[in-house]
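# Examining the three-dimensional arrangement
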Amino acid sequence: FFTRDIYMPLRILHMLSILKEIEPQDTLHLMARDSLPELIFASQLKKTNILPIPKMNYVTVSTRLLRQMDDPAKKPQLLEFLKQFGFDKPGKHWIIDIGFSGETPHRLSLLYPDADFETRFLMSLADEETVRQRPVMQNAKGYIFDSRETENKDGLIKMIIANDVKNIRLMEDSFGGVKTS
């Protein structure tokens, strides 16, 4: 078995759950590398006209790149680069990512304080303290695991990730479909 064969159906269900929530005028921002499976599925689904698919952006940023906002000399270049994704445009902006604690949506919300962000993760480790520190995470949801849910779909996920960076990277690569046949 390969991750594409096992995890792609899960990623399809994740994207379908998001598509049930969005409106045609919203914008989906699929965060690079981690949300590639959702992008591939939504792009194929869009061709069928079965469901209305809003505008989609494959956002080629990382938290490392977004941390450049802390450097006053680099922030203007970062904002110029991000302009292509339309975060400054009116409407609801959905951040789709593999997840964890929400640094990416948090930094985007600081760069675009007037934007209306919704965050959907595959797995969310955002607890109440995270939400206090990162208000954009108030409405965030994790699909297979969410720290703020009393009944998670799979408690095993919490044991696997357990805030261990090595395990988190393994999950990103596996859920991202990097290790495929």
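Look up a bit, the structure's there.
A brief structural summary. (Residues numbered from 1 in each chain as written. Predicted model: local features only at pLDDT ≥ 70, side-chain atom pairs only at ≥ 80, totals over all residues. Heavy atoms only, no water.)

Trans peptide bonds make up most of the peptide bonds, and negative phi angles are found at most residues other than glycine. Non-glycine residue N49 carries a positive phi angle of around 60°. Note on placement: N49 falls in the loop between α2 (36-48) and β2 (55-59). (Helix = DSSP H or I, 4+ residues; strand = E, 2+ residues; numbered from the N terminus.)

We now examine the sheet that holds strand β5 (residues 141-146). Across a sheet, paired strands are connected by hydrogen bonds in the backbone, their directions being either parallel or antiparallel. With parallel pairing, 5 strands are arranged side by side in an open sheet as β2-β1-β3-β4-β5. In this open sheet, the two edge strands, each paired with only one partner strand, are β2 and β5. With strand direction ignored, the average angle separating the axes of adjacent strands in the sheet is 20°. Bridging between strand β1 (residues 27-31) and strand β3 (residues 92-100) involves 4 bridges; their strand directions are parallel. Residue pairing in the sheet places T27 in a bridge with H93 of β3. Packed onto the sheet, α2 meets β1 and β2 and runs at close to 155° relative to β2. The strands touched by helix α5 (residues 103-111) within the sheet are β1, β3 and β4 (116-124), with β4 carrying the most contacts at an inclination of about 170°. (Pairing = 2+ DSSP bridges. Axes fitted to C-alpha atoms, helices over the stretch in contact; angles between N-to-C directions. Contact = heavy atoms within 4.5 Å.)

Right, let's get into the pattern of salt bridges. Taken as a whole and assessed by the stated rule, the structure comprises 10 salt bridges. Put simply, E38 and R11 hold a salt bridge, and the shortest N to O gap is 2.6 Å. A residue pair is termed long-range when its members are at least 10 positions apart, and E38 in helix α2 and R11 in helix α1 (residues 3-19) qualify at 27 residues. Like E38, the residue R11 is buried in the burial classification. Between R67 and E103 there is a salt bridge, and its shortest N-O distance comes to 2.8 Å. Taken as a pair, R67 in the loop between α3 (63-66) and α4 (75-82) and E103 in helix α5 lie far apart in primary sequence, 36 residues in all. Using a relative accessible area of 17% as the deciding quantity, one classes E103 as buried. (Salt bridge = Lys/Arg side-chain N within 4 Å of Asp/Glu carboxyl O. Buried < 20%, exposed > 50% of the residue type's maximum accessible area, 1.4 Å probe, protein only.)

Along the chain, the position of P113 falls in the loop between α5 and β4. Judged by its relative accessible area of 63%, P113 is exposed. Considered as a pair, P113 and V136 are 23 residues apart in the sequence and their alpha carbons are 9.8 Å apart.

A general trend in soluble globular proteins is that nonpolar side chains are found buried together. Core analysis: the largest hydrophobic core is formed by 20 residues, its most contacted members being L66, L82, F87, L108, L111, F117 and M137. Taken together, the elements giving at least two residues each to this core come down to α4, α5 and β4. The contacts of L82, once residues within four sequence positions are left out, are V61, L66, F87, L108, L111 and Y112. I18, L19, I22 and I96 belong to the second-largest nonpolar core, a separate cluster that totals 14 residues. (Core = buried A, V, L, I, M, F, W, Y, C linked by side-chain atoms within 4.5 Å.)

With 5 of its 5 residues buried, β1 lies for the most part within the structure. A two-sided burial pattern is seen for β1, the buried positions comprising T27, H29 and M31 on one face and L28 and L30 on the other. By the bridge criterion, 5 bridges tie β1 to β2 in an arrangement that is parallel. Bridge pairing in β2 places H29 opposite N57. Considered for its hand, the β-α-β crossover made up of β1, α2 and β2 is right-handed. (Right-handed = clockwise from strand over helix to strand, strands pointing away.)

All right, on to the packing of aromatic side chains then. For the coordinates displayed, the defined rule picks out 4 aromatic pairs. Judged by centre distance (5.8 Å) and plane angle (75°), the ring pair of F81 and F85 falls under edge-to-face. F81 gets classed as partly exposed once you look at its relative accessible area, which sits at 31%. A centroid spacing of 6.4 Å and a plane angle of 55° characterise the contact between F85 and F87, whose relative ring orientation is tilted. Each member of the pair F85 and F87 is classed as buried. These aromatic residues form a ring-pair network of at least three members: F81, F85, F87, Y112 and F117. (Phe/Tyr/Trp six-rings, centres within 6.5 Å; stacked < 30°, edge-to-face > 60°.)

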